[in-house]
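# Examination of the molecular architecture
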Amino acid sequence: MVCWRNGLAFVLTTYALTALLTASTTPDLSGEWQGKIETPGIPLGVRVQLEHGEGGWSGTIDIPQQGAKGLPLEGIEIDGAKAAFSIRGVPGQPTFRGTYAQGEIRGQFSQSGARFPFVLTRGAVEEAADPPRPQEPKPPYPYAEREVVYRSGEVELAGTLTLPATPGPHPAVLLLSGSGAQNRDEEVFGHRPFLVIADHLARHGVAVLRVDDRGVGGSSGSLRNATAAELADDAISGVRFLRNREEIAADRVGLLGHSEGASVAALSAAKDGGVGFVVMLAAPGLPGRELLLLQNRRIFEIAGVPEETVRRRLAVLDGLLAIAPEGEERLRQKLQEETRAWSEAVESDGDGAPDPWATALEQQLSQLTSPWFLDFLSRDPRIALRQLRVPVLALGGALDLQVPPDPNQAELKEALAKAGNEDAEVLTLDGLNHLFQAAQTGLPNEYARIEETISPPVLERISRWMKARFAGPEPGEVEPSSSTSALPGGSSSSS
């Protein structure tokens, strides 16, 4: 869910680890290593496997808290007690530099200019257990599930329809995932937020349809080549599918979208009068290009990247975004020009190496020229928002660094006010990140390590809002499986 499509913000993927380890002895560094990086809040555990064969060195790395397992290493260089290795095809270029002594490798881990202590020790790399996800529902469920398939033009979409145990017809909502290819549960970083949302709403009398993205699971088509208009057509097809089912109240069918899915929800409702309401989670209010630059700046700043490095990186990124329609080769040429300039100017890490962010960025260039991305860059979500007159609930997390509430929430409120919408609620909730988890920094490297999938008070706020307007019958309502607590605070305003 993310969250954004893979590679949109070039610092978002935190799986990459590039290691350069130095020492003065000549130990055998092959075998199994495990340890942790002392990142703020919660240490980040890692497991490394190094092997030497006739073809040279090979290896893998696991980052259990981020759901990463068996990621291949490349560029492995072992010279005495010195070692260097990186993860293949992943942006970010995080780096280890340390010293081997008495069975341990200790030193400093750096990523995007931020630096943290780390330690690796000898030890068997145990099978990584699935991280605890206490909110995920377990059968038997107090509601019915139906596997469904419907068409949107030439595309076939497969999903799961959850039907409450209470008498129908039921109000219903179609869930729209964030950017990136995701399954019907919006599974990301070991979390399945749409499964948790569907469980909660079904227990409160609301039917839920969640669907695999194009090209994922049981759905056909290609997400890479789909524009927002085509995704909106998919959403409208889903709404019509629901409206035609006897279990569903045709006049009480709406959309709930997360991140990019929130923009698609607004666009769908603006295009089709059959959409009865819209719930937007972490909804962008800025055009795509502006949002990407803001997103990168906020993440760099929270990660502790020096301001001069931030400024230079954003200038390069902005330049690349401006020429993205010219094609991948033009982008590569431009980036190479900038990389040479960096080598001749100020180095980011102080050891004579050019900014590793350029290498990570180069791996993402093909994504910048995809039909979806070019559409995203020029898309202004406020155009659709100014046409929304159905009830709207828009929630944002105060710690969201991918769609920062300031200024996105202000743009949402202004656009909905211009629509003359008399039932629009725009809220920023304290202490929550882009996935609406209770977080400490909001950085994406926290997502997987947090056990909570989505804050229970957020779930409660959504179901209460729906029930106040489109409630099914109260008798027989089933209590939710996850506990709720006081609603998070924060600024709360309506437009």
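## Some remarks on the overall build of the protein chain
When its secondary structure is counted, the protein chain shows eleven helices and 18 strands. Looking at the protein chain residue by residue over its 495 residues, the buried ones come to 57%. Carbon and sulfur atoms make up 48% of the accessible area of the protein chain, which totals about 19,000 Å².

## Thoughts on the pattern of salt bridges
The tally for this structure, following the rule as stated, stands at 26 salt bridges. Between glutamate 301 and arginine 297 there is a salt bridge; the shortest N-O distance is 2.7 Å. Residue glutamate 301 and its partner arginine 297 are located together in helix H4 (residues 288–302), separated by four residues, close to a single helical turn. Linked through salt bridges whose partners overlap, the residues forming this network are Glu136, Glu145, Asp185, Arg192 and Arg210.

## Notes on the packing of helix H2 (residues 228–243) against helix H3 (residues 260–271)
Two elements in contact, H2 and H3, have axes separated by 8 Å at closest approach and are oriented at 70 degrees. Relative to H3, H2 is oriented roughly perpendicular. When H2 is examined against H3, the residues Ala228, Ala229, Leu231, Ala232, Asp233, Ala235 and Ile236 are found in contact with a partner set consisting of Glu260, Val264, Leu267, Ser268 and Lys271. Split by residue class, the contact of H2 with H3 holds eight nonpolar, one polar and three charged.

## A word on the packing of aromatic side chains
Here the structure, examined in full by the defined rule, presents nine aromatic pairs. When the centroid spacing of 5.5 Å and the interplanar angle of 75 degrees are considered together, the rings of phenylalanine 189 and tyrosine 447 count as edge-to-face. Remark: tyrosine 447 occurs in the loop between strand E17 (424–429) and helix H11 (456–470) and phenylalanine 189 occurs in the loop between strand E12 (170–176) and helix H1 (193–203); sequence separation between them is 258 residues. Classification of phenylalanine 189 as buried rests on a relative accessible area of 14%. Taking the centre distance of 6.3 Å and the plane angle of 50 degrees together, the rings of tryptophan 372 and phenylalanine 373 count as tilted. Each member of the pair tryptophan 372 and phenylalanine 373 is classed as buried. Each residue in the set Phe277, Trp465 and Phe470 is aromatic and connected to the rest through ring pairs, giving one cluster. Across from the ring centre of phenylalanine 300, 5.2 Å away, lies the NZ or CZ of arginine 313, which sits over that ring.

## Some thoughts on the confidence of the model for the protein chain
The predicted model of the protein chain averages 82 in pLDDT, with 79% of residues at 70 or higher. Below a pLDDT of 50 lies the segment residues 472–495, which in the model reaches 56 contacts outside its immediate sequence neighbourhood of four places, other chains included.

## Here's the deal with the environment of arginine 203
Within the secondary structure, arginine 203 is located in helix H1. In this structure the C-alpha to C-alpha distance between arginine 203 and leucine 163, which are 40 residues apart in sequence, comes to 9.1 Å. Side-chain polar atoms of arginine 203 contact the side chain of aspartate 199, separated by 3.0 Å.

## What about the environment of leucine 374?
With respect to the helices, strands and loops of the structure, leucine 374 is situated in helix H8 (residues 371–378). In the structure, leucine 374 is positioned 147 residues away from threonine 227 in sequence and 8.8 Å away in space, judged by C-alpha atoms. Once you skip the residues sitting within four places of it in the chain, leucine 374 turns out to touch Ala324, Pro325, Leu368 and Thr369.

## Observations concerning the nonpolar core
Core analysis: the largest hydrophobic core is formed by 72 residues, its most contacted members being Leu174, Leu209, Leu242, Leu255, Met280, Leu321 and Leu385. A total of seven residues in this core trace back to one element, the largest contributor, which is helix H5 (residues 307–323). Counting 27 residues, the second-largest nonpolar core is a separate cluster that includes Leu201, Leu256, Phe436 and Phe470.

## Section: empty space enclosed by the protein
Inspection of every chain in the model, using the stated rule, returns five cavities of 30 Å³ or more. There is about 270 Å³ of room inside the largest cavity. In terms of lining, the largest cavity is formed by 21 residues, of which the most central are Leu176, Ser177, Asp213, Leu231 and Asp234. Going through the elements one at a time, E12, H2 and H3 are the ones with two or more residues in the lining of the largest cavity. Residue composition of the lining of the largest cavity, grouped by class: ten nonpolar, five polar and six charged. By volume, the second largest cavity amounts to about 60 Å³. Taken together, ten residues form the lining of the second largest cavity, with Ser263, Pro284, Phe376, Arg379 and Pro381 sitting closest to its centre. Looking at the lining of the second largest cavity residue by residue, the class counts come to six nonpolar, two polar and two charged.

Thresholds, definitions, all that
- Residues numbered from 1 in each chain as written.
- Predicted model: local features only at pLDDT ≥ 70, side-chain atom pairs only at ≥ 80, totals over all residues.
- Heavy atoms only, no water.
- Helix = DSSP H or I, 4+ residues; strand = E, 2+ residues; numbered from the N terminus.
- Buried < 20%, exposed > 50% of the residue type's maximum accessible area, 1.4 Å probe, protein only.
- Areas by Shrake-Rupley, 256 points an atom, 1.4 Å probe, with all protein chains shown as cover.
- Salt bridge = Lys/Arg side-chain N within 4 Å of Asp/Glu carboxyl O.
- Axes fitted to C-alpha atoms, helices over the stretch in contact; angles between N-to-C directions.
- Parallel < 35°, antiparallel > 145°, perpendicular 65-115°, else oblique.
- Contact = heavy atoms within 4.5 Å.
- Nonpolar A, V, L, I, M, F, W, Y, C, P; charged D, E, K, R; others polar.
- Phe/Tyr/Trp six-rings, centres within 6.5 Å; stacked < 30°, edge-to-face > 60°.
- Lys NZ or Arg CZ within 6 Å of the ring centre and 35° of its normal.
- pLDDT = per-residue confidence, 0-100.
- Polar contact = N/O pair within 3.5 Å; in protein donor to acceptor, adjacent residues only side chain to side chain.
- Core = buried A, V, L, I, M, F, W, Y, C linked by side-chain atoms within 4.5 Å.
- 1 Å grid on protein atoms, 1.4 Å probe; cavity = no way out; pocket = protein on both sides within 12 Å on 5 of 7 lines; lining within 4 Å.
- Points joined across faces, edges and corners; volume = space filled by probe spheres on them.

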